[in-house]
Amino acid sequence: MIGVGKAKQYANVLDKPLSRGRQEVSLSAFAFLFSELVQFNQTQVDNIAELERRLEDAGYAVGARVLELLCHREKGNRRETRLLGILSFIHSTVWKVLFGKVADSLEKGTEHEDEYMISEKELLVNRFISVPKDMGAFNCGAFVAGIVKGVLDNAGFPAVVTAHFVPIEGQQRPRTTILIKFAEEVLHREARLG
Amino acid sequence: MALVAIYSLFIINKSGGLIYYKDYGSAGRMDTNDSLRLASLWHSMHAISQQLSPTPGCTGIDLLQAHNFDLHCFQSLTGTKFFVVCETGAPNMEMLLKVIYELYTDFVLKNPFYEMEMPIRCELFDLNLAQVIQKDRVALLGR
């Protein structure tokens, strides 16, 4: 690497402590990279559902790694075993590290026991994206839904996660909601743990 | 009717094709064909002016002043031209063009659904442009 001074040379690269890394990345750089990710996937698929699935898969890989990293860095290798614990971990810690702020709100679904929602006025990944009308309800937030799914699955809370636009009265732009639907086994386990 | 400083905004791509046109004035509203023709006309004039310049290194026409309107033009490094037709003596148009250029780089170029050199159909660009124009109008009327 160019111009990097090391205070202490380690014989084995595995002995080096994990650096905290750069805390911030250029938003423009990320926006262009993400735009290219979407464009590339568009050329590979035939329909919108397929595109959403691909973005979700990309996010899943990110989520799995982010969980490992944050468990080590932020939580001192403690493992979340409770539903509310993992949800608030995602809502605050994961969001803070990835997007620079905690998510706007975390709610429990009123209709079903197994549904939870994380809401955001505007997802960072969607900030510069205007979806054309002919793509219907497509949301690039599927990437973020994939990240959440990756974190949940690897923490032992399998779930189906999707991103939706929710129109709000009096506002031109709709809010985005990440809908998390947990699998049966998670609820059973939660009930058993009391 | 409120005092309108800006009459219209044009954005043309590097080959001279019109990719965005917005009309703000009540007079002189033109249809699509006319606006397309005007855009390519301006593109040609801009190119010719670079040849006509007596000094080397001319980058084209920045300002055209007529009897009852001004035309300010901004050309980016990539050849995309932003020009605005406004009333005579309207201040800060260069600044406005720079701001519009920034909006273009943000909400058009970072949009994965936008094809380069094609007409701009980005909701966020329209929204933010309207806000900027409105703010500019308010600032102008406020003094």
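Given the structure is predicted, the values throughout are model-derived calculations rather than measurements. (Residues numbered from 1 in each chain as written. Chains lettered and ligands numbered in written order. Predicted model: local features only at pLDDT ≥ 70, side-chain atom pairs only at ≥ 80, totals over all residues. Heavy atoms only, no water.)

Student: Could you clarify how one ought to interpret the overall build of chain A in this entry?
Tutor: Summing up its helical and strand segments, chain A has five helices and four strands in all. Along the chain direction, N to C, the helices and strands of chain A fall in the order α-α-α-β-β-α-β-β-α. Projected onto the principal axes, the alpha-carbon positions of chain A cover approximately 55 × 45 × 35 Å. With 194 residues in all, chain A has 37% of them scored as buried. Put simply, of all contacts in chain A between residues at least 6 apart along the chain, 58% involve residues at least 24 apart. Accessible area of chain A: about 11,800 Å², with a carbon and sulfur share of 54%. Of the charged side chains in chain A, 25 are positive and 25 negative, and the gap between their average positions amounts to 9 Å. (Helix = DSSP H or I, 4+ residues; strand = E, 2+ residues; numbered from the N terminus. Buried < 20%, exposed > 50% of the residue type's maximum accessible area, 1.4 Å probe, protein only. Contact = heavy atoms within 4.5 Å. Areas by Shrake-Rupley, 256 points an atom, 1.4 Å probe, with all protein chains shown as cover. Lys, Arg positive; Asp, Glu negative; His and termini not counted. Charge placed at Lys NZ, Arg CZ, Asp CG, Glu CD.)

Student: How should the sheet that holds strand β2 (residues 18–23) of chain B be read in this particular structure?
Tutor: The strands making up a sheet associate through hydrogen bonds between their backbones, and the pairing can be parallel or antiparallel. Residue and element names in this part refer to chain B. The strand order β2-β1-β5-β4-β3 describes an open sheet built from five strands, whose pairing is antiparallel. If you trace the sheet from one side to the other, it starts and ends with β2 and β3 (63–65), each paired once. Each neighbouring strand pair of the sheet contributes to a mean axis angle of 10 degrees, computed without reference to strand direction. Pairing between β3 and strand β4 (residues 70–75): three bridges, direction antiparallel. Residue pairing for β4: Q65 is matched across the bridge by D70. Against the sheet, helix α2 (residues 93–107) contacts β1 (6–12), β2, β4 and β5 (81–86), and its axis sits at roughly 135 degrees relative to β5. (Pairing = 2+ DSSP bridges. Axes fitted to C-alpha atoms, helices over the stretch in contact; angles between N-to-C directions.)

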